[in-house]
Amino acid sequence: MKAVHFGAGNIGRGFIGETLAENGFEIKFVDVNETIIDALNARHGYTIQLADESQKKIQVAHVSGINNGKDPDKVVAALEDADIVTTAIGPKILKFIAPLIAAGIQSRKQHHNEKKVDVIACENMIGGSQALKKEVYAHLEPADQEFADQVIGFPNAAVDRIVPLQKHEDPLFVSVEPFKEWVVDESQMAAPELKLKKVHYAPDLEPFIERKLFSVNTGHATVAYTGKHKGYDNIGDAIADPDVLRQLKRVLKETGDLLIAKWDFDRKEHEAYQEKIIGRFENKYLSDEIARVGRTPIRKLGYDERFIRPIREAKERGLGYAALLETVGKIYTFNEPQDEESQKLQQMLKEESLEEVIRETTGLKDEELLQAIAASYKEAAATKQNA
Ligand SMILES: NC(=O)C1=CN([C@@H]2O[C@H](COP(=O)(O)OP(=O)(O)OC[C@H]3O[C@@H](n4cnc5c(N)ncnc54)[C@H](O)[C@@H]3O)[C@@H](O)[C@H]2O)C=CC1
Ligand SMILES: O=P(O)(O)OC[C@H]1O[C@](O)(CO)[C@@H](O)[C@@H]1O
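Values in this document were obtained by computation on a predicted structure and should not be read as measured data. (Residues numbered from 1 in each chain as written. Chains lettered and ligands numbered in written order. Predicted model: local features only at pLDDT ≥ 70, side-chain atom pairs only at ≥ 80, totals over all residues. Heavy atoms only, no water.)

Side note on the UniProt feature "domain: Mannitol dehydrogenase C-terminal" (unreviewed entry) in the protein
In this structure's numbering, the residues bearing the UniProt feature "domain: Mannitol dehydrogenase C-terminal" (unreviewed entry) are residues 204–379. The annotated region residues 204–379 carries 72% helix and 0% strand content, and the separation between its end C-alpha atoms amounts to 40 Å. (UniProt positions renumbered as here; feature names shortened; annotations may be inferred. Helix = DSSP H or I, 4+ residues; strand = E, 2+ residues; numbered from the N terminus.)

A closer look at the site of ligand 1
Taken together, 23 residues surround ligand 1, and among them Asn10, Ile11, Asp31, Glu123 and Val163 come closest. The side chain of Asn68 places a nitrogen or oxygen atom 3.0 Å from a nitrogen atom of ligand 1. A distance of 3.1 Å separates an oxygen atom of ligand 1 from a polar side-chain atom of Asn124. Protein chains shield 84% of the accessible area of ligand 1, which is 810 Å² for the free molecule. Taken together, the residues of the shell around ligand 1 break down into 11 nonpolar, seven polar and five charged. (Near = heavy atom within 4 Å. Polar contact = N/O pair within 3.5 Å; in protein donor to acceptor, adjacent residues only side chain to side chain. Areas by Shrake-Rupley, 256 points an atom, 1.4 Å probe, with all protein chains shown as cover. Nonpolar A, V, L, I, M, F, W, Y, C, P; charged D, E, K, R; others polar.)

Here's the deal with the site of ligand 2
Within the structure, ligand 2 sits among Asn124, Arg161, Ile162, Lys212, Asn217, His220, Arg292, Val293, Arg295, Arg299, Lys300 and Arg306. Within the contact set of ligand 2, an oxygen atom lies 3.0 Å away from a side-chain nitrogen or oxygen of Asn217. Here an oxygen atom of ligand 2 sits 3.0 Å away from a polar atom, N or O, in the side chain of Arg295. For ligand 2, whose accessible area on its own is 390 Å², the fraction buried by protein is 95%. Residue assignment for the shell around ligand 2 shows that the elements contributing at least two residues are helix H7 (206–229), helix H11 (290–293) and helix H12 (297–300). Here the shell around ligand 2 gets three residues from one element, more than from any other, and that element is H7. Classifying every residue of the shell around ligand 2 gives two nonpolar, three polar and seven charged.

A short note on unusual backbone geometry
Of note, His62 is a non-glycine position whose phi angle comes to about 60 degrees, a positive value. Within the secondary structure layout, His62 lies in the loop between strand E4 (57–61) and strand E5 (63–67). Look at His62 and you get exposed, because its relative accessible area is 59%. (Buried < 20%, exposed > 50% of the residue type's maximum accessible area, 1.4 Å probe, protein only.)

Details of helix H1 (residues 10–22)
Its 13 residues give H1 an end-to-end C-alpha distance of 17 Å, which sits within 8% of 18 Å, the value for a rise of 1.5 Å per residue. Of all the bends in H1, the largest measures some 35 degrees and sits at Ile16. The buried fraction of H1 amounts to 10 of the 13 residues, a majority that puts the element mostly inside the structure. Within H1, burial applies to Ile11, Gly12, Arg13, Gly14, Phe15, Ile16, Gly17, Glu18, Thr19 and Leu20. One or two residues past the end of H1 sits Gly24, with phi positive at roughly 85 degrees. (Expected span 1.5 Å × (residues − 1). Bend = angle between axes of the 7 residues up to and from the residue.)

A look at helix H15 (residues 340–351)
Helix length check: H15 (12 residues) gives 16 Å between terminal C-alpha atoms against 16 Å at 1.5 Å per residue, within 8%. If you check which residues of H15 are buried, you get Glu341, Ser342, Leu345, Gln346, Met348 and Leu349. Projected down its long axis, H15 shows its buried positions confined to an angular sector of 155 degrees, all on one face. Summarising the geometry of H15, the exposed residues directed more than 90 degrees from the buried face are Glu340, Lys344, Lys350 and Glu351. Looking at where H15 begins, the residue whose side-chain oxygen comes 3.1 Å from the main-chain nitrogen of Glu341 is Asp339. (Arc of directions from axis to C-beta.)

Considerations on the sheet that holds strand E12 (residues 200–202)
Taken in spatial order, the three strands of this open sheet run E9-E11-E12, and their pairing is mixed. Lying at the two open borders of the sheet, with one neighbouring strand each, are strand E9 (157–160) and E12. Neighbour to neighbour, the strand axes of the sheet diverge by 15 degrees on average, direction disregarded. The strands touched by H7 are E9, strand E11 (181–185) and E12; relative to E9, the strand with the most contacts, the crossing angle is about 35 degrees. (Pairing = 2+ DSSP bridges. Axes fitted to C-alpha atoms, helices over the stretch in contact; angles between N-to-C directions. Contact = heavy atoms within 4.5 Å.)

With respect to the pattern of salt bridges
Taken as a whole and judged by the stated rule, the model has 39 salt bridges. Put simply, Arg280 and Glu177 hold a salt bridge, and the shortest N to O gap is 2.5 Å. Placement of Arg280 in helix H10 (residues 267–281) and of Glu177 in the loop between strand E10 (174–176) and E11 is noted, with a sequence separation of 103 residues between them. For the pair formed by Arg280 and Glu177, the shared burial category is buried. Arg292 is the salt-bridge partner of Asp288, the closest N and O atoms lying 2.8 Å from each other. Each member of the pair, Asp288 as well as Arg292, carries the same accessibility label: buried. (Salt bridge = Lys/Arg side-chain N within 4 Å of Asp/Glu carboxyl O.)

This is the structure we're talking about:
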């Protein structure tokens, strides 16, 4: 069985690669990072280590790499007979790999390969695979789209495992938290007979992805932005500060109330889920930088993203969202020299009116929310500690 995986980065190697290998796949990783691609082709294997007291090592074998910047034809050839295609490349990069996936679909059609295959985007976003499908279809003629409709699935997915930035001598080595959860929307699959072990298949992904995004991702980002605001650079240091932990709990209470009201989750079970998440953020065996967790703040301020969507939906339902608003104000103060979006955001705040920046970044039209975010930013800017 053959897999093509786009993005040989932290989650690609540290989670998707592990799961595909465990399921007996030969994996071709596609990436533009030459060091990683060369190492994959030289060694055909790599090591994952669990960040807990066990320090258990897991070997991933039967892997190779293709540099899509240099060898796009090899990617198309690999897609031609792949049994599964996955991505973990970043939401903003999906549109750049879409032409290659489209070429792979055309090639399958030309070679009369009518075997059904699923393309699964494993990104932190709602509707990731369907968004990728839209980008791919923009590169297909109607006849190719018809072929794709019959044999290619784009099931949405939610992936959950904290994999921090890696700093090791071995460029392939990856340290990961023990927890992992990969859920795929079964109803959108072209090849539902191909079920991976250790992957959960759900008839409706929405509750899973919202629970994950608005708990793990909203929560982690809250620790990052609140921590940075107080002058921390590391998640472990930030969450050890009682103010940061309190803010995390307040935010999780708000998203929890919304999720319970919306999806009828059992409150006790949801609270246990939240406690587990807090424990995962506190994992002393992981060293996770605030720069990573808070990266791309403009994306995280998006209309359907981890803060604005729960705020909108809580407001619609008459539920509380004050803590979420407080964190949003702090996002606008997030100034990370290495993060392009954070620099862009700081530049926008210098060149445009505050109201314009908030409208542009959040996509909101609700005047009350726009004003509340402006007030929250002003408060955050006035109280920010040196970072
Ligand atoms: N790291 C984590 O804990 C988790 C990450 N995710 C999601 O997984 C995705 C990837 O995140 P990470 O693995 O952390 O990032 P990463 O930066 O470690 O990996 C991304 C990889 O994509 C490659 N890449 C970038 N542009 C490319 C292009 N045009 N063509 C081919 N390769 C390209 C990069 O070289 C890099 O190796 C994101 O959507 C993230 O939200 C989801 C759950 C957990
Ligand atoms: O910025 P992104 O791409 O959403 O990724 C960061 C997120 O990934 C995770 O490590 C796992 O989902 C979160 O803890 C963190 O919020």
